[in-house]
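Residue-level structure breakdown
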Amino acid sequence: MPTSKRHRPPVVAVTGAAAGIGRVFLAKVASSADFRRVVAIDDSRGDVPDVTWRVLDIRDPLLANRISDVDVLVHLAGDYRLDAEPVERRAYNIRAAQTVLTASAAARVRRVVLVTSAMVYGAAADNPVPLTEDAPVAAEPDTGVVGDYLEIESLARRALRAHPGLEVTVLRPAALVGPDVDTVVTRHFEAPRLLVVKGCLPRWQFCHLDDLVSALELAALGQVTGVVAVGSDGWLEMEQVEEVSGLRRFELPAGLTFSTAQRLHRLGVTPVPAADLHYVVYPWVVTPAALQQAGWKPAWTNEAALQELLSHREGKHAVVGRRLSGKDATITAAGATVAVIGTAAIVRAARRKKRI
């Protein structure tokens, strides 16, 4: 008997397909027999062959006309650069997600897959280790990329209520690792020593891009739905991280660390709000239960992912999320402590200047 239309392989569209994670995922599904056809969407044509390229700005409302033949849309277009202008970055990310969800509903796309981050659970000293997928979303809605993720997830919930026929799956990866990944976590490992706050040691869990791509495939095929955590099995204790990395910790009081970091951010000295530093000093480990139930297994262990992260840090230097260059990059391990504590003097000087 002929295969019913219901069981035909789906047509999948990928946004942000010309670069980054979008290109990696596109290359994977382009050679997969699980998809009948692959549509690549970006504002410029990429180099992946054997796919249908459609060039347009993902924020264009005409997107609905370009995906009328699509069953599943995997949205990977986004701007999450730490050094991007926050207002412009958020405006782009929110408009892109909103357009994708609205256009997909209008074009009768069956399923939309979004990627945010396990950061939305928040990082806190008293977090359970690990967090379950249905744990409360407790991150602070600040001006950083975590705030963007929270806004996108809010849009997804609204879309589910407004468009009952649309299925939306949200993947929440742990700290991403891979070529060209630049986050507050990867910059933490570019420092000469690892910052910890007194009274609490972080637990480290990573998600390699390869594992995120394999999870995205399952989500695109509808084998996992709803909220889906992604990450390597278990976690690393601080002692294990020090052993693997060869880096040593230095401790500061939480109050000094976060108050100074926030003031520096307001002065434009550091690119991330103080709340983002929670993710390098407090735990936010997750259990990928939905994926495990679907038979998924990560290809990367936390230790291997950390070694991969470290392999990309050569020639890069950062302190409190700020990349250093030129003579600043010669900062020593002892100087890292001075750099953090000494920022209080910068803050005091700036405040005095404002009073004059």
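It should be emphasised that the depicted structure is a prediction, and the values quoted were computed from it without experimental measurement.

A short note on the overall build of the chain
- Counting its regular elements, the chain contains 12 helices and 13 strands.
- The proportion of buried residues among the 356 residues of the chain is 53%.
- Counting only contacts in the chain whose residues sit at least 6 apart along the sequence, the fraction spanning at least 24 positions is 78%.

What to know about the nonpolar core
- By size, the foremost hydrophobic cluster in this structure holds 45 residues, and its most contacted members are V185, F189, W204, F206 and W284.
- A17, V113, L209 and V230 belong to the second-largest nonpolar core, a separate cluster that totals 36 residues.

So, helix α6 (residues 209-220)
- End to end, α6 covers 16 Å across 12 residues, agreeing with the expected 16 Å (1.5 Å per residue, within 8%).
- Among all positions in α6, only L209, D211, L212, V213, A215, L216, E217, L218, A219 and A220 are buried.
- Positive backbone phi, at 75°, marks G222, one or two positions downstream of α6.

Some remarks on the side chain of R89
- Among the secondary structure elements, R89 is positioned in helix α3 (residues 86-106).
- On the accessibility criterion, R89 (3% relative accessible area) is buried.
- In contact with R89, not counting residues within four places along its chain, are D79, Y80, R81, A84, T143, G144, V145 and D148.

Quick notes on the environment of A64
- Following the sequence through the fold, A64 ends up in helix α2 (residues 63-66).
- With sequence-adjacent residues up to four places away left out, A64 is seen in contact with A103, A106 and A107.

Focus: the sheet that holds strand β1 (residues 11-15)
- With respect to topology, seven strands assemble into an open sheet ordered β3-β2-β1-β4-β5-β6-β10, the strand pairing being parallel. The strands lining the two open edges of the sheet, one partner per strand, are β3 (52-55) and β10 (227-230). The average angle at which neighbouring strand axes cross in this sheet is 20°, direction not considered.
- Sheet topology note: the strand β2 (residues 37-42)/β3 ladder contains four bridges and is parallel. Along β3, the bridge assignment pairs I41 with R54.
- Contacts from α6 reach β4 (72-75), β5 (111-115), β6 (167-173) and β10 within the one sheet, and its direction differs from that of β5 by about 160°.

Looking at the pairing of β5
- The element β5 is extensively covered by neighbouring structure, given that five of its five residues are classed as buried.
- Neither face of β5 is open: one carries R111, V113 and V115, the other V112 and L114, and all of them are buried.
- Sheet topology note: the β4/β5 ladder contains four bridges and is parallel. Directly across from V74, in β5, lies its bridge partner V113.
- With α3 bridging β4 and its parallel neighbour β5, the resulting β-α-β unit is right-handed.
- In this structure, β5 lies alongside β6, joined through five bridges in parallel fashion. Along β6, the bridge assignment pairs L114 with V170.
- For the crossover that starts at β5, traverses helix α4 (residues 145-162) and ends in the parallel β6, the hand is right-handed.

Points about the environment of P130
- Relative to the helices and strands, P130 resides in the loop between β5 and α4.
- Judged by its relative accessible area of 31%, P130 falls in the partly exposed class.
- As for P130 and W235, which are separated by 105 residues in sequence, their C-alpha atoms are 8.7 Å apart.
- Every residue in contact with P130, bar those within four places of it in the chain, is listed here: W235, V285, V286 and T287.

Digging into the confidence of the model for the chain
- The predicted model of the chain averages 88 in pLDDT, with 84% of residues at 70 or higher.
- Scored below 50 in pLDDT, residues 1-5 shows one contact in the model against residues more than four places distant or in partner chains.
- Of the regions scoring below 50 in pLDDT, residues 326-350 engages in 30 contacts with residues more than four places distant in sequence or in other chains.

What to know about unusual backbone geometry
- At the junction of V129 and P130, the peptide bond is cis and its omega measures out at 5° in the coordinates.
- Phi at R108 is positive, roughly 60°, even though this residue is not glycine.
- Within the secondary structure, R108 sits in the loop between α3 and β5.
- A positive phi is found at D180, a non-glycine position, where the angle reads about 70°.
- Of note, D180 is situated in the loop between β7 (175-177) and α5 (184-188).
- Look at D180 and you get exposed, because its relative accessible area is 80%.

Here is what the cut-offs are and how they apply
Residues numbered from 1 in each chain as written. Predicted model: local features only at pLDDT ≥ 70, side-chain atom pairs only at ≥ 80, totals over all residues. Heavy atoms only, no water. Helix = DSSP H or I, 4+ residues; strand = E, 2+ residues; numbered from the N terminus. Buried < 20%, exposed > 50% of the residue type's maximum accessible area, 1.4 Å probe, protein only. Contact = heavy atoms within 4.5 Å. Core = buried A, V, L, I, M, F, W, Y, C linked by side-chain atoms within 4.5 Å. Expected span 1.5 Å × (residues − 1). Pairing = 2+ DSSP bridges. Axes fitted to C-alpha atoms, helices over the stretch in contact; angles between N-to-C directions. Right-handed = clockwise from strand over helix to strand, strands pointing away. pLDDT = per-residue confidence, 0-100.

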